[in-house]
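Architecture and fold: a report
The lines below spell out each chain.
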Amino acid sequence: MSGSQARTRAAISIAVALAATAGLASPVLAQKQGGTLKLYQRDSPASASIHEEATYSNNVPFMPIFNNLVVFKQDAPQNTVETIVPDLATSWAWSDDKTKLVFKLREGVTWHDGKPFTSADVKCTFDMLMGKGTNKFRKNPRKSWYDNVSDVTVNGDTEATFNLKRPQPALISLLASGYTPVYPCHMSAADMRTKPVGTGPFKFVEFKANESIKLVRNPNYWKPGRPYLDGIDLPIIANRSTAMLGFIAGQIDMTFPTEVTVALLKDIKGQAPQAICKFEPSNVSTNLIVNRDAPPFDNINIRRAMALAMDRKSFISILFEGQADEGGALLPPPAGIWGMPKDQLETVAGYGPDVKKNRDEARKLIEAAGYSADKRLKVKVSTRNIPTYRDPAVILIDQLKDIYIDGELDVVETANWFSKVARKDYMIGLNLTGNAVDDPDQSFYENFACGSERNYTNYCNKELEKEFDLQSQETDPAKRKVMAWAIDKKLQDDVARPVIYHSRLGTCWQPKVKGVTVMVNSSYNGYRYEDVWLDQ
Amino acid sequence: MLSYLVQRLFLMLVTLFGISLVIFALLRIVPGNIVDVLFDAAGFVDPAEKIKIEKDLGLDQPIVVQYATWIGGLLRGDLGFSYVSEKPALAEILPRIPITARLAGLALLFAVSLGVPLGVVSAVKQNTRLDYFLRVVSLAGLSLPAFWLGLLILMASVALFGTIPIYNAAPKSMWDSFVMYAVPAAAVGLRSSALIMRLTRSSMLEVLRQDYIRTARSKGASERSINYSHALKNAILPIVTIIGVEAAFLIGGLIVTETVFNIPGVARFLVEAIRWRDYPIVQNLVMFIAVVVVVVNFVVDLLYAALDPRIKLGA
């Protein structure tokens, strides 16, 4: 081949490659600076302190104020260990025995009030979370996340080490959650509830209860060129119909995440076809809680019968038009990382496709417990007075009729729900459980460990808890996954807290809003908004 | 007259004292308190932390002490702190009062300016097509639930104009304020106007049958003069009463309208505060509404004497 032929061939190759690149790649827009994102807030949060609350009504408006040590990559839809990126830490390393997690911290970062960020802030934050130190949270709902952390030590201003009682590879995932921001040492817990100070891309301006929350761009943000937005306005619109009409009219740029139901999605697409909507799993499960200490539910046969009687497909069909998922305690794949695959799931009692066969078996169990068509078991099905709780409870009552159980709906006001559950003042309850991090440690210890505050049914299996610890220490993800499946199957077989379905919910935004990523295996971790920009 | 005023003032204070007892007792009877709701957001109840927070908020004190603390503070102008926002209750309540006052004022203006003239017309044109039409309109106004009408207005706005009249930010001028509140005021004022219209009609019909009206007519007075100067003036007392009742209702009863139009007023705030068991907010807000109701009633009583010379206050 002559030199000119070679040059010609090379030129053609480059041209083809360029053409292919141009054709295959999605159009790339240059991000624009400026503009204020208007995102409606569904309710008035209890406070502005993320660490003290357990609802993403707090994460959505206040996560943009903060940074974590590490964070789930904000433009990756699925949270995995591989998508964890440095935030206030520049790097991290495990000790050889996996009992020390050392973070190198970013230098030159300042809090929104101008004070420097140092390792002391990291120690302060996690000391508070572990219940140590003088500055205390009014509420500390995720204290159990750090049960395995003996202490946090610092080495100079730029290094912090988490010393663990035993290896726990999942700790890094817990630290990457939207629930784990670093707080400033010089602010009291009370101040953080009303006027939070962070190092994040947006600064807090005001929080008017029942009216609005306003954030403004942090011009001194440590990440060059971010955020793109000048600010975020979150008008608090409690009435969902009003909020959706505001979105359809274009007065709202983005709906509150996961607030769009199947029915609303149809409305929005009908009236605002230009809207971009994502309907994704939320890692929130609807489940049955049974007062297993009180007769007749101390009889495992009755609990098993109820688990067998549930026709999950009907729930999903009626409430979600088919757009929800069957699963165990852990979110099922493909959105979930750790949930049982379909073939495994179908081996769990009550998950098989033959509902009639399941219910025949359920009737035998309940007959063995002394009930029949003539001697029906009367129960109260308690749930919160919120449609997402109430609607499935009604379907549950209908399904239980097939196995001689007559349920009466007991609607409980939100203010009294958890105290009622904590007092064990219920027979059967219908409950929702949101998993902040898609990881077995978060789910198992929080919801099923003996004595855990959020273990509403008091399920306690010491042997299984040893399995919790073993999977928690396992560093090979593939092996850990198999262990997690076995535990999840055991939890379902034991009717610990039978999962009815994992919901999927929608989020919509106007076409001018760019850079939004909806996470598919958590509703708590994707609200930093530093990559969001307005094409206007 | 002076003794009447003193007597009324005394009665007003007794009424307010009674209301303070009732609201205080009712709030404590309702199951759950702020700490339960705070823990609801955290997804669990920690008994030790619950006791500590109750102590911090003074909820562990005997009921009598809690009541005395509240009333003592109220008399000194210290309304306490909101349990939820941890800000002074006064700072939370004060900014919302003008919002609701504007909405209620505009709604009342709408109701009176529509209800009274149409009521008169309906009475004067009794059993005509116009009367039937107005009666149907007034009946519809009474029958349409406010939330339904509000949502219907919002949906129609989106469909017709591509925008909705909901509260976005504090209005900057009188005109902005008028534009923002006009639609919700009309939505809520329709019911009041229907009520006033029906009452005006029946009251007018009764007066129009009186001998003095026939006498005025026989003396050659114009229909306009008869209807407005003679009949309406004598028919106005029950109308003033209902306007007073509606004015008092509008201050605290706008919950649906404030929710649908997303207006951060007193009523919506009160309902949220009740949900949170935010006692300082609920107690003080209810007392504020009670004061408005009592004062409006007092003003209505004074108006009776001004409108009808036959009524002697204190006689």
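Below is a short write-up of the structure. No experiment lies behind these values; they were computed from the predicted model shown.

Some points on helix 13 (residues 414–422) of chain A
All names here are of chain A. Taken across its nine residues, helix 13 has eight buried, putting it largely inside the fold. The set of residues buried in helix 13 consists of Thr414, Ala415, Asn416, Trp417, Phe418, Ser419, Lys420 and Val421. One or two steps after helix 13, the chain reaches Lys424, where phi turns positive at roughly 60 degrees.

Overview of the sheet that holds strand 8 (residues 202–208) of chain A
Sheet strands line up and pair through hydrogen bonds in the backbone, either parallel or antiparallel. All names here are of chain A. Strands sit in the order 1-10-9-8 across an open sheet of four strands; the sheet is mixed. Two strands close off the open sheet at either side, each with one partner strand: strand 1 (36–38) and strand 8. Adjacent strand axes in the sheet meet at a mean angle of 15 degrees when their direction is disregarded. Where strand 9 (residues 212–217) and strand 10 (residues 231–235) come together, five bridges link them in antiparallel fashion. Residue pairing for strand 10: Leu215 is matched across the bridge by Ile232.

Looking at unusual backbone geometry
Residues and elements named next belong to chain A. Of the consecutive residues Pro295 and Pro296, the connecting peptide bond is found in the cis state with omega at 5 degrees. When you line up the elements, Pro296 lands in the loop between strand 11 (276–290) and helix 8 (300–309). Residue Pro334 follows Pro333 across a cis peptide bond; omega there is 10 degrees. Counting through the fold element by element, Pro334 comes out in the loop between strand 12 (324–325) and helix 10 (342–345). Unusually for a residue other than glycine, Asn283 sits at a positive phi of about 60 degrees. Secondary-structure assignment places Asn283 in strand 11. One non-glycine residue, Asn458, lies in the positive phi region at around 65 degrees. Along the chain, the position of Asn458 falls in the loop between helix 14 (440–448) and helix 15 (462–473).

Some thoughts on the state of the cysteines
All names here are of chain A. In this structure the tally under the stated criterion is three disulfides over all chains. One disulfide in the model links Cys277 with Cys508; its S-S distance is 2.0 Å. An S-S torsion of about 110 degrees defines the bridge between Cys277 and Cys508 as right-handed. Placement of the pair is Cys277 in strand 11 and Cys508 in strand 16 (residues 499–509), with a sequence separation of 231 residues.

Section: the pattern of salt bridges
Residue and element names in this part refer to chain A. One pass over the full model with this rule turns up 46 salt bridges over all chains. Put simply, Asp469 and Arg166 hold a salt bridge, and the shortest N to O gap is 3.7 Å. Remark: Arg166 occurs in the loop between strand 7 (159–164) and helix 4 (171–175) and Asp469 occurs in helix 15; sequence separation between them is 303 residues. Judged by relative accessible area, which is 16%, Arg166 ranks as buried.

A closer look at the interface of chain B and chain A
The interface of chain B with chain A comprises 41 residues on the first partner and 42 residues on the second. Around 3,600 Å² of area is buried between chain B and chain A when both sides are counted, 53% of it from carbon and sulfur atoms. Area buried by chain B at its contact with chain A is led by Asp40, Phe44 and Glu86 of chain B, which between them contribute 15% of it. For the pair chain B and chain A, the interface holds three salt bridges. The partner of Glu413 of chain A in a salt bridge is Arg277 of chain B, with the nearest N and O atoms 2.6 Å apart. Taken together, the links from chain B to chain A amount to 10 residue pairs in polar contact (both at pLDDT 80 or more).

As for the packing of helix 9 (residues 312–320) of chain A against helix 12 (residues 387–400) of chain A
Residues and elements named next belong to chain A. Packing of helix 9 against helix 12 brings their axes to within 11 Å, and their N-to-C directions diverge by 140 degrees. Considering the angle they form, helix 9 stands oblique to helix 12. As for how helix 9 packs across helix 12, the hand of that crossing is right-handed. Taking contact as the criterion, the partners of Ser314, Phe315, Ile318 and Leu319 in helix 9 are, on helix 12, Asp391, Pro392, Ile395, Leu396 and Gln399. Residue classes in the contact of helix 9 with helix 12 are distributed as six nonpolar, two polar and one charged.

Brief notes about the packing of aromatic side chains
All names here are of chain A. Tallied over the full model, the rule gives 24 aromatic pairs over all chains. Taking the centre distance of 5.3 Å and the plane angle of 25 degrees together, the rings of Phe66 and Tyr183 count as stacked. Taken together, the residues Phe66 in the loop between helix 2 (56–62) and strand 2 (70–72) and Tyr183 in the loop between helix 4 and helix 5 (189–194) connect sequence positions 117 residues apart. Here Phe66 and Tyr183 have matching classes, each one buried.

Basis of the calculations
- Residues numbered from 1 in each chain as written.
- Chains lettered and ligands numbered in written order.
- Predicted model: local features only at pLDDT ≥ 70, side-chain atom pairs only at ≥ 80, totals over all residues.
- Heavy atoms only, no water.
- Buried < 20%, exposed > 50% of the residue type's maximum accessible area, 1.4 Å probe, protein only.
- Helix = DSSP H or I, 4+ residues; strand = E, 2+ residues; numbered from the N terminus.
- Pairing = 2+ DSSP bridges.
- Axes fitted to C-alpha atoms, helices over the stretch in contact; angles between N-to-C directions.
- Disulfide = S-S within 2.5 Å.
- Salt bridge = Lys/Arg side-chain N within 4 Å of Asp/Glu carboxyl O.
- Contact = heavy atoms within 4.5 Å.
- Buried area = accessible area lost by both parts, 1.4 Å probe.
- Polar contact = N/O pair within 3.5 Å; in protein donor to acceptor, adjacent residues only side chain to side chain.
- Parallel < 35°, antiparallel > 145°, perpendicular 65-115°, else oblique.
- Left-handed = near helix turned anticlockwise from the far one by under 90°.
- Nonpolar A, V, L, I, M, F, W, Y, C, P; charged D, E, K, R; others polar.
- Phe/Tyr/Trp six-rings, centres within 6.5 Å; stacked < 30°, edge-to-face > 60°.

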